[in-house]
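Results of the structural survey
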Amino acid sequence: MSKSKFNEYGKPIVVLTLICLVVTAALAFTYDFTKPIIDAINERIANETRASVLPEGTSFTQSDAALADGVIEVYVADNGAGMVVTSAAKGFGGDITVMTGIDANGKITGVSVTSHGETPGLGTKAMTETYLANYQGLDEAVLGTTIDGVTGATYSSRGICNAVAMALAQFEKMGGAF
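Residues numbered from 1 in each chain as written. Predicted model: local features only at pLDDT ≥ 70, side-chain atom pairs only at ≥ 80, totals over all residues. Heavy atoms only, no water.

On to a nonpolar patch on the surface, then. On the surface, a nonpolar cluster with roughly 460 Å² of combined accessible area is contributed by V15, L16, I19, V23 and L27. Looking at where L16 falls in the secondary structure, it is placed in helix 1 (residues 3-53). (Patch = residues over 30% accessible without salt bridge, like charges linked within 9 Å, V, L, I, M, F, W, Y side chains within 5 Å. Areas by Shrake-Rupley, 256 points an atom, 1.4 Å probe, with all protein chains shown as cover. Salt bridge = Lys/Arg side-chain N within 4 Å of Asp/Glu carboxyl O. Helix = DSSP H or I, 4+ residues; strand = E, 2+ residues; numbered from the N terminus.)

Our focus in this paragraph is the side chain of T100. Tracing the backbone shows T100 in strand 4 (residues 95-103). Setting aside residues no more than four positions away along its own chain, T100 makes contact with V53, M83, V84, V85, I108, G110, V111, V164 and A167. (Contact = heavy atoms within 4.5 Å.)

Turning next to the pattern of salt bridges. One pass over the structure, following the stated rule, counts five salt bridges. D39 is paired through a salt bridge with K35; the nearest N and O atoms lie 2.9 Å apart. With D39 and K35 both in helix 1 and four residues apart, this pair spans about one turn of that helix. Given a relative accessible area of 37%, D39 falls into the partly exposed group. Owing to a relative accessible area of 33%, K35 belongs among the partly exposed residues under this scheme. (Buried < 20%, exposed > 50% of the residue type's maximum accessible area, 1.4 Å probe, protein only.)

Below, the discussion takes up the pairing of strand 2 (residues 71-77). Among the seven residues of strand 2, six are classified as buried, and the element is accordingly described as predominantly covered. Pairing between strand 1 (residues 60-62) and strand 2: three bridges, direction antiparallel. Its bridge partner being in strand 2, Q62 is matched across the sheet by Y75. The pairing of strand 2 with strand 3 (residues 82-90) spans five bridges and is classified as antiparallel. Paired with V74 across the strands is V85, a residue of strand 3. Counting the residues that bridge the hairpin from strand 2 to strand 3 gives four residues, and of these G80 lies at a positive phi of roughly 80 degrees. (Pairing = 2+ DSSP bridges.)

A few words on the sheet that holds strand 3. The strand order across the open sheet built from five strands is 1-2-3-4-5, with neighbouring strands paired in antiparallel fashion. Two strands close off the open sheet at either side, each with one partner strand: strand 1 and strand 5 (108-115). Direction aside, the axes of adjacent strands within the sheet are offset by 25 degrees on average. Alignment of strand 3 against strand 4, held across nine bridges, turns out to be antiparallel. Each bridged residue has a counterpart across the sheet, and for S87 the counterpart in strand 4 is V98. In the packing of helix 4 (residues 154-173) onto the sheet, contacts are made with strand 2, strand 3, strand 4 and strand 5, and the angle to strand 3 comes to roughly 140 degrees. (Axes fitted to C-alpha atoms, helices over the stretch in contact; angles between N-to-C directions.)

With that settled, consider the environment of V84. You can see V84 is positioned in strand 3. Note on V84: relative accessible area 1%, which makes it buried. As for V84 and T109, which are separated by 25 residues in sequence, their C-alpha atoms are 9.4 Å apart. If near-sequence neighbours (up to four positions away) are discounted, V84 is found in contact with R50, V53, L54, F60, E73, V74, Y75, M99, T100 and G101.

Geometric descriptors of this kind do not, in isolation, establish any biological role.
Listed below in structure tokens is the structure:
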């Protein structure tokens, strides 16, 4: 290859390759540096959410029990107050992940939506504290008969209700929280 051809074709390739290597190394370093921080923040938020949906629980231990369909994880309260089940069900914009607190008697103590892809303003109407408070005190026997969907957010409402039903099924599958 002549010198002019190398200047025309070779130099840009070398420069772009070096730029790509430097940027890749910078991204890898940033990822390695921030991942433990992000994981710690996510764990803290998850623990705070567990405490909010099962306020009687003082600390939680992850259960290694077999998981029911749609259940992501189960944490049992160390003081025997109940369990917190994270489950996911289909909503309008994708999966809705819900954390459900269930006391030792199988009654719902709290529900929190932890992630979703629903339409802001419309689908999120079913995720307000006021709406989610409707689940408190319910059990598997009355869940489907007492919760009404939110107008304009029917798929979201149904997704949340299905995720809560999956959590209650997990509770039953484990024979309760203990």
